[in-house]
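Chain and residue survey
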Amino acid sequence: NWNIKEDIHAAYAQANFEVEGLRGNFGVQVQRTDQSSDAIQLTNGGTPTPVSLGKTMTDVLPSMNLAFSFANDQTLRVAAAKQVARPRVDQLRASIEVNVTDSPDSSGSRVVSGSGGNPMLDPWEAYAFDISYEKYFGSKAYVSAAYFYKDLRTYIYTQVDPFFDFSQFVAGVPENPDFPGVGIADTGNYSAPANGKGGSLQSLELTASIPLDMLWEPLTGFGVIASASFSDSSIVIRDPESRDSVGSGDIGLPGLSDRVYNLTAYYERNGFEARVSQRRRSDFIGEIGNFNGTRTLRYVVGEEITDAQVSYSFPDGHALGGLSFLFQVSNLTNEAYKTYFNGSKDQPLEYIEWGRTYLLGVNYRF
């Protein structure tokens, strides 16, 4: 039983400028955050004990954005900033959940373990640098290449303390009559979010949006939109909570795929539109929500999700002008969600088919 309170006050100053071939702004934002959590912790085998924990912090966040304009609709953008991202709300809870096994393990004692939150967390914090090149072809098409680098000063991950002292929580737990004389261990595994220090995250992103009639006039109405990103992180997390599936060694940053691709092919003409889109991402470590609201880590097989849609809009002046129909199918190929043990695909863990989702829509614009 817990609640969270966050009070965030922010003030900023920004100066815009524009000269021949260059525009941009400089600025600074100051954030003052007061975070706290009230909870009921069960100690001494079940005695409710109210706790209240929290902290106050101030972040000063300078930033700079520059856009250089060149001939032939070319733009070079450069940005630098200090950035923060707040922890998830549940990560800030003050509550602790404790579990004791009914039977002893090989050491002859009943095993104790637990998990909880951390109201003292700092936010994600990074020094960020971005640069991108964009080339426009009138109002029809563009290509771009972008690179970003984040020097992570602080990040958040799940840390396991294998020697956490649970003595105050288990002192009053009754003896199991099936195992008379068997006590409960005072220490065990305790998992909670913690702040890691240092590391980097970088990515190269390529994007193009091209109507195909630019290449061959008979393809009027056809076009493609494509993007690809290639990411890398030096962050290594030790001993995550979900050892049963990801092992007890080092893992990378949860949620990060090394490669992500998006491709959309479309046809748009005379009120008719059809498009097919596919998103592909490489394997990653997912942070999956359990039925009780806690999260666990899983090695997830890379996805290939395909969506499709067709629509038709009656033109203005037509008796049905303003009326449009839309039909969409999500996960067209019924791609399965697959996970595996310890970074080895020959040790499958889960295989789940979610099915397709169909949407039929009718819109009328007055």
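What this report covers is the structure whose coordinates are included nearby. (Residues numbered from 1 in each chain as written. Predicted model: local features only at pLDDT ≥ 70, side-chain atom pairs only at ≥ 80, totals over all residues. Heavy atoms only, no water.)

1. Brief notes about the overall build of the protein chain
Within the protein chain one finds 2 helices and 22 strands. Structurally, the protein chain occupies a C-alpha span of about 85 × 50 × 45 Å along its principal axes. By the burial criterion, 34% of the 366 residues in the protein chain qualify as buried. The long-range fraction of contacts in the protein chain, counting pairs at least 24 apart against all pairs at least 6 apart in sequence, stands at 65%. Averaging the coordinates of the 29 positive side-chain charges in the protein chain and doing the same for the 43 negative ones gives two points 5 Å apart. (Helix = DSSP H or I, 4+ residues; strand = E, 2+ residues; numbered from the N terminus. Buried < 20%, exposed > 50% of the residue type's maximum accessible area, 1.4 Å probe, protein only. Contact = heavy atoms within 4.5 Å. Lys, Arg positive; Asp, Glu negative; His and termini not counted. Charge placed at Lys NZ, Arg CZ, Asp CG, Glu CD.)

2. A word on the packing of aromatic side chains
Within this structure, the stated rule accounts for 16 aromatic pairs. Considering the side-chain rings of phenylalanine 222 and tyrosine 267, the 4.6 Å spacing of their centres and the 50° angle between planes classify their relative orientation as tilted. With phenylalanine 222 in strand β11 (residues 222–233) and tyrosine 267 in strand β14 (residues 259–269), this pair connects stretches of sequence that are 45 residues apart. Directly above the ring of phenylalanine 148 sits lysine 150, whose terminal nitrogen or CZ lies 5.4 Å from the centroid. Over the face of the ring belonging to phenylalanine 284 we find arginine 281, whose NZ or CZ atom lies 3.6 Å from the ring centre. (Phe/Tyr/Trp six-rings, centres within 6.5 Å; stacked < 30°, edge-to-face > 60°. Lys NZ or Arg CZ within 6 Å of the ring centre and 35° of its normal.)

3. Focus on the nonpolar core
With 16 residues, the main nonpolar core has Ile235, Ile237 and Ile251 as its most contacted residues. Secondary-structure elements contributing two or more residues to this core are β8 (141–165) and β17 (295–300). In terms of residues, this core owes the most to one element, β8, which gives 4 residues. If you look at the next biggest cluster of nonpolar residues, it comprises 8 residues, including Phe166, Val170, Ile184 and Ala192. (Core = buried A, V, L, I, M, F, W, Y, C linked by side-chain atoms within 4.5 Å.)

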